[in-house]
Amino acid sequence: MKVLFIEPPSTTSISMLPPISLPTLKGFIKTKTAHDAKILDLVFHGTDWQQRVLEEIKKERPDLIGFSMLSFNYQAILGIARFIKQHSTIPIIAGGVHVILSAQEVISNQEIDIVCIGEGEYVLKDLLDTSLDCSVVDGIWYKEKGEIIKNKPRQLITNLDELAYPDFDDFDIQKCLFIYNNHLSIMASRGCPYSCSYCNNHALRRTLKGTYVRFRSVEHVIEEIDVRIKQYYDKGFRFFYFFDDTFILNKDYVLRFCKQFKEKGFHKLLRWNVNIRANLVTDELMKALKDAGCYQVRMGIESGNEFIRNTIYHRGMTNQEIDNAVTIIKKNNLQLRLYFMVGAPQETLEMMQESFTMAQTLNADEIFFGVLYPLPGTDILKICEDEHVLELKNGVLSSEIGPIKKTKYVSSAQIRRFLRQVQRWQMRHYIQVGLELRGPLFILDCLRFIFLYKRKYHFEKDQLFRWNVQRYTLAQIWD
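These numbers come from a predicted model, not from an experiment.

Asker: Can you tell me about the packing of aromatic side chains, naming the residues and giving the values?
Answerer: How two aromatic rings sit relative to each other is set out by the distance from centre to centre and by the angle between their planes. The full count for this structure, using the stated rule, is 38 aromatic pairs. On the basis of an interplanar angle of 0° and a centroid distance of 5.8 Å, the ring pair of F240 and W272 is categorised as stacked. Pair noted here: F240 is in strand β11 (residues 239–242) and W272 is in strand β12 (residues 271–276), with a separation of 32 residues, a long-range link. Residue W272 is classed as buried on the basis of its relative accessible area of 0%. Plain terms: the ring middles of F340 and F369 are 5.0 Å apart, the flat faces sit at 10° to each other, and that makes the pair stacked. Placement of the pair is F340 in strand β14 (residues 335–342) and F369 in strand β15 (residues 366–371), with a sequence separation of 29 residues. With relative accessibility at 15%, the residue F369 sits in the buried group. Connected via pairs of aromatic rings, a cluster forms that spans F215, F240, F242, F247, Y253, F257, F261, F266 and W272. Directly above the aromatic system of W141 lies the positively charged group of K150, at a separation of 4.4 Å from the ring centroid.

Asker: Residue-level account of the packing of helix α10 (residues 251–263) against helix α11 (residues 283–291), with values.
Answerer: Interhelical geometry of α10 versus α11 gives an angle of 25° and a closest axis separation of 9 Å. By the angle between their directions, the pair α10 and α11 is classed as roughly parallel. Handedness of the crossing formed by α10 with α11: left-handed. For the pair α10 and α11, contact is made by K251, V254, L255, C258 and K262 and by E284, L285, A288, L289 and D291, respectively. Counted by class, the contact of α10 with α11 contains six nonpolar, no polar and four charged residues.

Asker: So, helix α1 (residues 21–32): which residues are in play, and what are the values?
Answerer: Taking 1.5 Å per residue as the helical rise, α1 with its twelve residues ought to reach 16 Å, and the 16 Å between its terminal C-alpha atoms agrees with that figure. Of the positions making up α1, those classed as buried are L22, P23, T24, L25, K26, G27, F28 and I29.

Asker: How would you sum up the sheet that holds strand β6 (residues 140–144)? Please name residues and give values.
Answerer: One open sheet holds the seven strands; their spatial order is β2-β1-β3-β4-β5-β6-β7, and the pairing between them is mixed. Each having just a single partner strand, β2 (36–41) and β7 (147–150) make up the two edges of the open sheet. Between one strand axis and the next, the sheet turns by 25° as a mean value, whatever way the strands run. Sheet topology note: the strand β1 (residues 2–7)/strand β3 (residues 64–68) ladder contains three bridges and is parallel. Looking at the pairing, L4 lines up with I65 of β3.

Asker: Quick one: what's the story with the sheet that holds β12, residue by residue and with numbers?
Answerer: Hydrogen bonds between backbone groups are what pair the strands of a sheet, and the pairing can be parallel or antiparallel. Taking strand neighbours across the sheet as the criterion, the six strands line up as β8-β11-β12-β13-β14-β15 in an open arrangement whose pairing is parallel. Each having just a single partner strand, β8 (183–186) and β15 make up the two edges of the open sheet. In this sheet, neighbouring strand axes are inclined to one another by 20° on average, regardless of whether the strands run parallel or antiparallel. One ladder, built from five bridges, connects β12 with strand β13 (residues 294–302); its direction is parallel. Counterpart to N275 in the pairing with β13 is R298. Sitting on the sheet, helix α16 (residues 412–438) touches β14 and β15, and the angle it makes with β15 is about 160°.

Asker: If you had to explain a nonpolar patch on the surface to someone new, which residues and values would you point to?
Answerer: Residues L435, L441, I443, L444, L447, I450 and F451 make up a contiguous nonpolar surface patch of about 670 Å² in total accessible area. At six residues, the largest contribution of residues to the nonpolar patch is made by helix α17 (residues 441–457). Within the element layout of this structure, L441 appears in helix α17.

Asker: Please set out the nonpolar core residue by residue, giving values where relevant.
Answerer: For soluble globular proteins, nonpolar side chains are generally found buried alongside one another. In terms of nonpolar packing, the biggest core is built from 64 residues, with F247, F257, W272 and L289 touching the most fellow members. It is helix α9 (residues 218–232) that provides the largest number of residues to this core, a total of six residues. Setting aside its immediate chain neighbours within four residues, W272 contacts F240, F242, F247, F257, C258, F261, L289, A292, G293, C294, Y295 and Q296. Within the second largest apolar cluster, 39 residues are counted, among which are L127, F171, Y453 and Y472.

Asker: I'd like a description of a positive patch on the surface, backed by residues and values.
Answerer: Residues R416, R417, R420, R424 and R428 make up a contiguous surface patch of positive charge. Mapped onto the elements, R417 comes out in helix α16.

Asker: Go over the side chain of R277 with me, naming the residues and quoting the values.
Answerer: You can see R277 is positioned in the loop between β12 and α11. Within the buried set, R277 has no salt-bridge partner at all; the shortest N-O distance to an opposite charge, 7.0 Å, is to E321. For R277, the residues in contact, after removing those within four places along its chain, are Y194, C196, T246, I248, M299, R315, G316 and M317.

Asker: Run through the pattern of salt bridges, naming residues and quoting values.
Answerer: Applying the stated rule across the entire model yields 30 salt bridges. Between K26 and D170 there is a salt bridge, with its nearest N and O atoms 2.8 Å apart. Linking K26 in helix α1 with D170 in the loop between β7 and α7 (173–179), this pair joins segments that are 144 residues apart in sequence. Taking the relative accessible area as the measure of exposure, K26 reaches 3% and is therefore buried.

Cut-offs and rules
Residues numbered from 1 in each chain as written. Predicted model: local features only at pLDDT ≥ 70, side-chain atom pairs only at ≥ 80, totals over all residues. Heavy atoms only, no water. Phe/Tyr/Trp six-rings, centres within 6.5 Å; stacked < 30°, edge-to-face > 60°. Helix = DSSP H or I, 4+ residues; strand = E, 2+ residues; numbered from the N terminus. Buried < 20%, exposed > 50% of the residue type's maximum accessible area, 1.4 Å probe, protein only. Lys NZ or Arg CZ within 6 Å of the ring centre and 35° of its normal. Axes fitted to C-alpha atoms, helices over the stretch in contact; angles between N-to-C directions. Parallel < 35°, antiparallel > 145°, perpendicular 65-115°, else oblique. Left-handed = near helix turned anticlockwise from the far one by under 90°. Contact = heavy atoms within 4.5 Å. Nonpolar A, V, L, I, M, F, W, Y, C, P; charged D, E, K, R; others polar. Expected span 1.5 Å × (residues − 1). Pairing = 2+ DSSP bridges. Patch = residues over 30% accessible without salt bridge, like charges linked within 9 Å, V, L, I, M, F, W, Y side chains within 5 Å. Areas by Shrake-Rupley, 256 points an atom, 1.4 Å probe, with all protein chains shown as cover. Salt bridge = Lys/Arg side-chain N within 4 Å of Asp/Glu carboxyl O. Core = buried A, V, L, I, M, F, W, Y, C linked by side-chain atoms within 4.5 Å. Lys, Arg positive; Asp, Glu negative; His and termini not counted. Charge placed at Lys NZ, Arg CZ, Asp CG, Glu CD.

Structure, rendered in structure tokens:
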């Protein structure tokens, strides 16, 4: 049997390509089962996707069509599924984080026939092995004669080494590498033990059955890196990004990885970056990362105000821990990327300014400010509901929540003004660095971005300076 996965068109700037969820499923099906899988990549086809979907269905004649849903692309995927149902009777299955946390809502859509309520690899294998006999497959809900049947959940996969490497063959890798400045993503673990109120990890941990935080063996990860070098090094692959929520959870694991990575000589070929937490940062770990070719660490601060950060967001880290971590990171000559977020229900304008002040004081290489997006099933969503800061449609709370527009004390106009203030500061920083590194050629690079790359690669305006500066700093790493 054959499954056709569909990656929907992008509705925003592209931050990581190729995506990893569908390639992971495809890799598993093609190497661990007797079945076949194909991915239809619609990321850059926001205007002609309908034609491409019909052509691909006619060409591939799949037995099953699958989507991986996030809250951000839920409605876009429903639109594609609705279009498919107008032209075909092929069953449609949806999985992913949004489905797991909103299974009843998703399966209630007429366009969706099956939902996967956990990890999808063995669910898909069982479905294909049984010629789509849903009645004998654990881990799904499905429809039969208009009735929703809820099969029992299945345990999370214990041994992640059973999984295959993601299969990126259906993506234009050279295009992806160009957009993401020669990076590919790798995931060494699944799950996170922390309970940040805005993140879906704590909601997933409450929903799924089995051990939530699991690591692949170091050897399995090293083998995948070796495969990627053989596949893509001559296409420009020079960096990889650990997609794990917190790569440094297990000190011994990190040290073993760094040791084996160097023993293979990969540190001479590749540089990489990781997500970390301030309270886990030690001099020993940062030295090991740097010595093995890690060039950047990424750390979520979220708020400069400790009440918002710890009482509302449940981050569990003090200002002192953050300051200590930044000092250690800079001492080891690692680039630092920091993330802040505005829009907590009880956040005041003064608290937002605390975040801005902390961002300026910490002086990281890259700093991002986002807006809180209350995800289904999360604790922060309940807090937002209790504080009445969510938008209502016809007096009813919509399932399409989207980013926060206001807080209890800050209007939407004030949030917009604050974000413009931050954007101007960031823009000045990137212009200054760009001119220092590239001189007048920085202006030419920006013009090339505006008139060529922006339309061709779906970049957003705010990436104009940042993308070019990232290119310059990454080039310096190899000098």
